[in-house]
Structure formats: C-alpha cells, structure tokens
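Residue strings, one per chain:
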Amino acid sequence: MNKILIITVRELKVFFDSLMAYIMLLAFLGFSGFFTWLFGSDIFFVGQASLTTFFAIAFWTLFFFIPALTMRMLAEEKKTGTLEILLTMPVTNWEIVLGKFFSVLAVIAFALLLTLPYYFSVSSLGHIDHGSVWCGYLALLMLSAFYISIGIFASSISNNQIIGFLLTLLIGIFFHFIFEALAGGSSGLLGHILSYLSVASHFQSMARGVIDSKDIIYFLSFIWLGLFMSQKQLKY
Amino acid sequence: MNILVEHLTKIYGTQPAVDDISFEVRTGEILGFLGPNGAGKTTTMKAITTFLEPSGGEIKVGDFSIHTQPQEIRKNIGYLPENNPLYNEMPVVDYLYFAGAMHELPKDKINERIIHMISICGLEGEKHKKISELSKGYKQRVGLAQALIHDPAVLILDEPTSGLDPNQIIEIRDLIRRIGKKKTVILSSHILAEVEATCDRILIINKGKIVADGTADELRKKSKGNEIINVTIEDGDKNTIFEALKSLETVGLVDFIDHKENAFEIQSLPELSSRRNVFNLCISRGWVLTEMKVTEAKLEDVFRELTIS
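Calculation rules
- Residues numbered from 1 in each chain as written.
- Chains lettered and ligands numbered in written order.
- Predicted model: local features only at pLDDT ≥ 70, side-chain atom pairs only at ≥ 80, totals over all residues.
- Heavy atoms only, no water.
- Helix = DSSP H or I, 4+ residues; strand = E, 2+ residues; numbered from the N terminus.
- Buried < 20%, exposed > 50% of the residue type's maximum accessible area, 1.4 Å probe, protein only.
- Polar contact = N/O pair within 3.5 Å; in protein donor to acceptor, adjacent residues only side chain to side chain.
- Contact = heavy atoms within 4.5 Å.
- Pairing = 2+ DSSP bridges.
- Axes fitted to C-alpha atoms, helices over the stretch in contact; angles between N-to-C directions.
- Buried area = accessible area lost by both parts, 1.4 Å probe.
- Salt bridge = Lys/Arg side-chain N within 4 Å of Asp/Glu carboxyl O.
- Nonpolar A, V, L, I, M, F, W, Y, C, P; charged D, E, K, R; others polar.
- Core = buried A, V, L, I, M, F, W, Y, C linked by side-chain atoms within 4.5 Å.

It is worth spelling out the side chain of Glu11(A) at this point. Residue and element names in this part refer to chain A. By secondary structure assignment, the location of glutamate 11 is in helix α1 (residues 2-16). Taking the relative accessible area as the measure of exposure, glutamate 11 reaches 2% and is therefore buried. A polar atom in the side chain of glutamate 11 sits 3.2 Å from the side chain of arginine 10. Reaching out from glutamate 11, the side chain makes a polar contact with the side chain of lysine 100 at a distance of 2.5 Å. Apart from the residues lying within four places of it in its own chain, the contact partners of glutamate 11 are Arg72, Met73, Glu77, Lys100 and Ser103.

Shown next, in the form of structure tokens:
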C-alpha cells in the first residue's frame, strides 16, 4: 500500500512541477465553464437551480481531458527506459499501475474541486437538491476512474504517447456512444447487452441522483479490467 | 551474496540471445562481462535483475530464485541499466529519495543515505538541479547513486562508464572497486582495458555462449603462447641482420617493423625464448643491440581470437 502512495506522490510532484499541468487545468475549467455558463443551452436555460447542465458538459470534457493525462503514464516510462528501473525495484506490477491510476484520479479530483464554486453560485440562486449534486460529482469521479483505467491500459501497450491518446479515445468512443447507438437498432438480448455496456446510461442515472448498485458494479468491474490488463502488459 | 546462473537460455523469436550458459559469482568478487555487441551480456544481466523472464534455466541470488522470489532478489540488487534511464524531470535529491523509499528504507535512514551517496558519487554541487540539466557524466553518477542507495549486496552495472570522459572513467572505476570489496558485482563492458583494470575475473561471452572464464592473466596464457619480441639492431646491414636472425634455431618468424630503421619483430617457436640467442648473435657479429622489448599477448588479441570465428 505504501509503495502505491510513493508512486502516486512522485507522479503528482512531477505533474504539478510542469507547465503542462496548469495548461490542462485551465483548459478543462475554460471549456467546462464556457459551455456551462455562457454558450448554447447553458445553465440558465434550464430555469432551475441544478448542475445537470455542468455534469452533461463535464461528461464530454473529461472524455478528452483524461486521455491527455493518462497517455504518458506508462508509454513514457517504456520509452525512456525508466520502467526497467521501476520493475527491478521491490514493487509489484499492481502497485505500479495503481500508483499511476490514483495519481491521475487525484488530478481529476482536484480539477473537479475547482468547479465547486459553480455549485456555490447556483445554490445561492435558488433551492438546489444537494444530494443530487454530490451524486453528480460521484458520477463524474466514477466516470473519470473508468476512463483513467482505459487510458492507462492504452498507455501500457506501446511506448508511443500518441498511440496511447488515440487508443483511449477509440476505446472510449465505443463506450461513449457507439454501443448506445447500436443498442438503439438492436433488440432482444443483444440490445440489452449493448445498452448495458454503454457508459452514458450508467452515468446519467447516477448524475440524476440515483445510486444503484448495478451502476457501481458496472464502473468498478471495468476499472478493475483496465488495470488488470495494464499490469499484465508490464510482464515481459 | 552469491549469484548462481544455471543453464540460462533466452530466446527472442527463434534466435537464442543467451544459449545455455552457467556461471557463479561469489561475494567480494567483481566479474567483468565482456563480449561484442549483441553477444547476450545485457540479456543475461536483465535476467539476473528479474526484469526479463528467461526461456529456460535458473538463476539464484543468495538463496532466492528468480522464478519464485523475484521480490526478495529485487531488494538485494542495485542495478544500473544500459543507457542509464532516469526520471529527467526530477531534481537529483528527489529522485534519490524516491529510489530509497521504493527500497523500503525508513525515513530517517533515507536522508542519511542520500547525503552519503551524494558525497561518494561527487554530486555535491548538482544535488538540487533537475536531472535533465546535468551532463552525461553527472547523470551516470546519479544512476550509480540510485543503484547504491539501499546498500545492496549485489550490484549489476551495464556499461557503467559509457559516454564518460577519461577522468570520470577513472573515478567511477575507483568507486566500483572500493564498493566492490564487500559486494558481489557484475559489470559489462566492451572496453577491455576497463575490465582488466576493474575486475577480478573476466567472462567472455560470444553469440550467447561463454567462450572464456578466468583472470586476465589466465586468459592471456590460454591464448597463443609464442613469445614475441621487438628488437632494434644497429651497425649492420638490414638484410644481413634479417637473414642472421632467421637462422637462429629458436626463431620461428622474423618481420621488419615498417616505420623504424633496423627494427624487427621476432616470433619464437612454441615454448622457446630467443632473447639470449639474439643477444649472443649481436656480440659475435659486433652489432649493437639498442632495443629489446617483449610484447605481451594483449587482452585485445585474446578477445579477437575468441570472438571472431
């Protein structure tokens, strides 16, 4: 457990030591803020004190933001050869992968923390359902963890960061809407399976404030699968 | 901690990189791993550090097997990989702290070790710089400090002096020799002088097989034993001297040395020495012997002989 923390802390130090970190955070807040407050069917359009607009937008921004964070996680270590140092230290593959996973999750949690002023502003505008807001944030964290584990797996298969980035988007896009679109055209068991695989329905029910064990199991099992395959990739 | 390698084989695709090799290294011994590029040095070292899983065979470090207790081996090994990969974006001190923490050093001990490493590796002036800002020589020292931070019983160094300038090479060699007295060290190199200067024992490996094993002296003796001397003889005609030398009964071959006047290279017959005969010849003919030098078989020659086939 201790070594997971050591790796996480190292990753965070390196991340916040680079200009990249601040550009990424600014981009995330910029995009989310712009579409939440200023553009299109923004938060005022709903006519209710609710953050659902923000959650729907963050659903998209995180989709692009996370691959940019995870792409270097293992690919860079493979490219520079530092993975060799890491894998000859007394540490297990799981500890390495989990250390990386939690470091990205911590960055996302930090980015989401910076959007809390949205919550405070909206709650001052009218009566807000506090429970559903926290559920929404939990849904965003779950969704992020889901993409992070895909991203780390994509980063583990080659030493090229761009491949890591694109592959995460490619896998992500299936869960994001291809499965859902296919489910619309299928019926019976196949339709059920496809719609179960789609991340949107699980996310939306959580973001609306319903915590169902079915959704939690969905997220946890895919997170586990992604990390499991990543740590398998570290074996030579 | 002894290292025992038994029937180690590693196959990439269909080609064996390491082909059924066995050897042992004892505590306090510095073993030099010598071989042309692609001979299997790095593969063997990676297998010992548990980074590579071999296709066959067994490696034991102390009592631990790479197959069943890789984590125990990792605790006891310090490793400097080829090309010295480092986390370039980290400051030296942070990197060493990370390495120490990963090796389970307690907090108070880590700082003590970092200070010690910085002083023995000569990183005093660079400790707060980012690794990417360091010169190659200093990076190499950081790599070495990383390998030594947890005071491992076994040290595996893959080309530890590559890319360093002559002064740095000597410093690093001294460091390795000093540290190596109490540890088991394997270092690889393709610089023969380096291995000869640093190592107690040399293992020459070619095309995945061990072709020689012994001290530098032993290896030299094993190669062609014929004595070779260089002489310069003055006050006589070049060709006359040449003929006279050739007629001595202990001499096998005589050759002119190109760029010098009246200089000859004489190769004696096996197990014989021509030095006395050459001297007596000069006296009897009234020539002046101004130079006589015995050329030792160079390790380079041994190496070439064993690895070119």
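Once the structure has been displayed, the description carries forward.
In this section: the environment of Thr27(B). Residue and element names in this part refer to chain B. Position of threonine 27 relative to the elements: it lies in the loop between β2 (15-25) and β3 (30-34). Sequence spacing of threonine 27 and isoleucine 3 is 24 residues, and the spatial spacing of their C-alpha atoms is 8.4 Å. Setting aside residues up to four positions removed in sequence, threonine 27 forms contacts with Met1, Asn2, Lys182, Lys183 and Thr184. Engagement of the side chain of threonine 27 in a polar contact is seen with the side chain of asparagine 2, the distance being 3.2 Å.

Before going further, it helps to spend a moment on the sheet that holds strand β13 (residues 263-268) of chain B. Residue and element names in this part refer to chain B. Strand order in this open sheet of 4 strands is β12-β13-β11-β14, and the pairing throughout is antiparallel. The strands lining the two open edges of the sheet, one partner per strand, are β12 (251-256) and β14 (288-295). When strand polarity is set aside, the average angle formed by the axes of neighbouring strands in this sheet is 25°. Relative to β13, strand β11 (residues 228-234) is paired through 5 bridges, and the arrangement is antiparallel. Following the sheet pairing, isoleucine 229 is matched in β13 by isoleucine 266.

Another point: the interface of chain A and chain B. The interface is formed by 22 residues belonging to chain A together with 26 residues belonging to chain B. Here chain A packs against chain B, burying approximately 2,400 Å² in sum over the two surfaces, 66% of which is carbon and sulfur. Inspection of the chain A/chain B interface yields 4 salt bridges. One salt bridge connects Lys3(A) with Glu104(B), and the closest N-O pair in it is separated by 2.4 Å. The interface formed by chain A and chain B holds 7 residue pairs in polar contact (both at pLDDT 80 or more) in total. Of all the secondary-structure elements, those providing two or more residues to the side of chain A that touches chain B are α1, α4 (72-80) and α5 (82-86) of chain A. It is α1(A) that provides the largest number of residues to the side of chain A that touches chain B, a total of 6 residues. Its residues assigned to classes, the side of chain A that touches chain B shows 11 nonpolar, 5 polar and 6 charged.

Our focus in this paragraph is the nonpolar core. Ranked by internal contacts, the top residues of the largest apolar core, which has 123 residues, are Leu51(A), Phe55(A), Phe65(A), Ile108(A), Phe146(A), Val199(A) and Tyr95(B). Counting 24 residues, the second largest nonpolar core, distinct from the first, contains Ile21(B), Phe33(B), Tyr79(B) and Val154(B).

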